[in-house]
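For reference, the chains in residue letters:
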Amino acid sequence: MDAVYYNGSKKTFWQKVKEQKELVLMIFPFVLYVILFHYVPLWWWVIAFKEYRPFQGVWGSEWVGLQQFKDLFSDSGFWLAMRNTIVISFLKLITSFAAAITLALMLNEVKNMLFKRTIQTISYLPHFVSWVVAASIVISVLAPESGILNQILMALKIIKQPIVWMGEGHYFWWILALSNVWKETGWNAIVYLAAMTSIDPELYDAASVDGCGRLQKIRYVTLPGIAPTISMLLILNVGWLLNAGFEQVLLLRNPLVQDYSQILDTYVLDYGITMYRYSYATAAGMFKSVVSILLVLFANKIAAKLNASTVV
């Protein structure tokens, strides 16, 4: 990188700030927002080491050291929430990746632009629907008596009686994963479609000369062309492995599937708000945040190495 000099000497930090003061002023509100709403609240983590009582205040509450964490790690409910979080995140990660890549490959092969744009628009729309509305649609579709899924399966003689989809724990994980696919596949496919536009068209011409059909072009030209993008996004998403989708789970869960729907975020909510165990819930949230930070740092390190090896 070229060194920056000012009157024959290297510019200081404040000289650079003065020179770019317009840009600094533009970014200042956003930096202030991040500090006020994302970093300042972190000081409340201190109550994870106390037995916090609201009427005693933060500093008046008793110090208990690591007792909250000992209670947390000895609670079977916490490890159940951890299991559900990891399984749900993993299912959503795999299904959303496979669906988005498949949709992008199919759209890339469509030659009629009007049809292609229509399909793209239709597939993008669910992304802009809030989970409040989306959850209502999912519950309606899966309703035992009036749900369209049961009616179709019974009409096709696949099942003899309605299935209570939302009442069976082993169905719930897949309902979360597949509803996430329906809502986000179109939006996620944008990245892969953009990556496909960077593939040299001469590679397709060369493949045609060699006698490759459409499927062979996808296998030998398109997929290798977007492989770096797939790898990078997959690694970066590993950093969010403990984020199973709080809003989606909160709106779709019910008491019948409690053992399969309790994730770390809802565990913190239940203990912190419902049971008024603020310190315990803070310890659980703090543990999740620290593990998530470590995962993000690990993913970033792997991504940096992958990117470096690709460039070289």
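Residues numbered from 1 in each chain as written. Predicted model: local features only at pLDDT ≥ 70, side-chain atom pairs only at ≥ 80, totals over all residues. Heavy atoms only, no water.

## Considerations on the UniProt feature "transmembrane region" (unreviewed entry) in the protein
So, point 1. As recorded in UniProt, the sites labelled "transmembrane region" (unreviewed entry) are residues 23–46, 86–110, 122–143, 163–182, 220–242 and 278–299.
So, point 2. Here residues 23–46 runs as 71% helix and 0% strand, with 36 Å between its end C-alpha atoms.
So, point 3. In residues 122–143, helix accounts for 64% and strand for 0%; the two terminal C-alpha atoms are 24 Å from one another. (UniProt positions renumbered as here; feature names shortened; annotations may be inferred. Helix = DSSP H or I, 4+ residues; strand = E, 2+ residues; numbered from the N terminus.)

## Here we look at the pattern of salt bridges
Pairing is possible between side chains of opposite charge, provided their charged atoms come close.
So, point 1. One pass over the structure, following the stated rule, counts six salt bridges.
So, point 2. The salt bridge partner of glutamate 51 is arginine 53, with a shortest N-O separation of 3.2 Å.
So, point 3. Aspartate 270 is the partner of arginine 253 in a salt bridge, and the nearest nitrogen-oxygen pair spans 3.4 Å. Of the two residues, arginine 253 is situated in the loop between α12 (246–252) and α13 (258–261) and aspartate 270 in helix α14 (residues 264–274); the sequence distance between them amounts to 17 residues. Each member of the pair arginine 253 and aspartate 270 is classed as buried. (Salt bridge = Lys/Arg side-chain N within 4 Å of Asp/Glu carboxyl O. Buried < 20%, exposed > 50% of the residue type's maximum accessible area, 1.4 Å probe, protein only.)

## Some points on the packing of aromatic side chains
So, point 1. Within this structure, the stated rule accounts for 21 aromatic pairs.
So, point 2. Plain terms: the ring middles of phenylalanine 78 and phenylalanine 287 are 5.5 Å apart, the flat faces sit at 70° to each other, and that makes the pair edge-to-face. One end of the pair, phenylalanine 78, is in helix α5 (residues 76–109); the other, phenylalanine 287, is in helix α15 (residues 278–311), and 209 residues separate them in sequence. Considered together, phenylalanine 78 and phenylalanine 287 belong to a single accessibility category, that of buried residues.
So, point 3. Connected via pairs of aromatic rings, a cluster forms that spans Phe73, Phe78, Trp79, Tyr267, Tyr271, Tyr280 and Phe287.
So, point 4. Over the aromatic face of tyrosine 260 sits the side chain of arginine 83, whose NZ or CZ is 5.5 Å from the ring centroid.
So, point 5. Sitting above the plane of the tyrosine 280 ring, arginine 277 keeps its charged end 4.1 Å from the centroid. (Phe/Tyr/Trp six-rings, centres within 6.5 Å; stacked < 30°, edge-to-face > 60°. Lys NZ or Arg CZ within 6 Å of the ring centre and 35° of its normal.)

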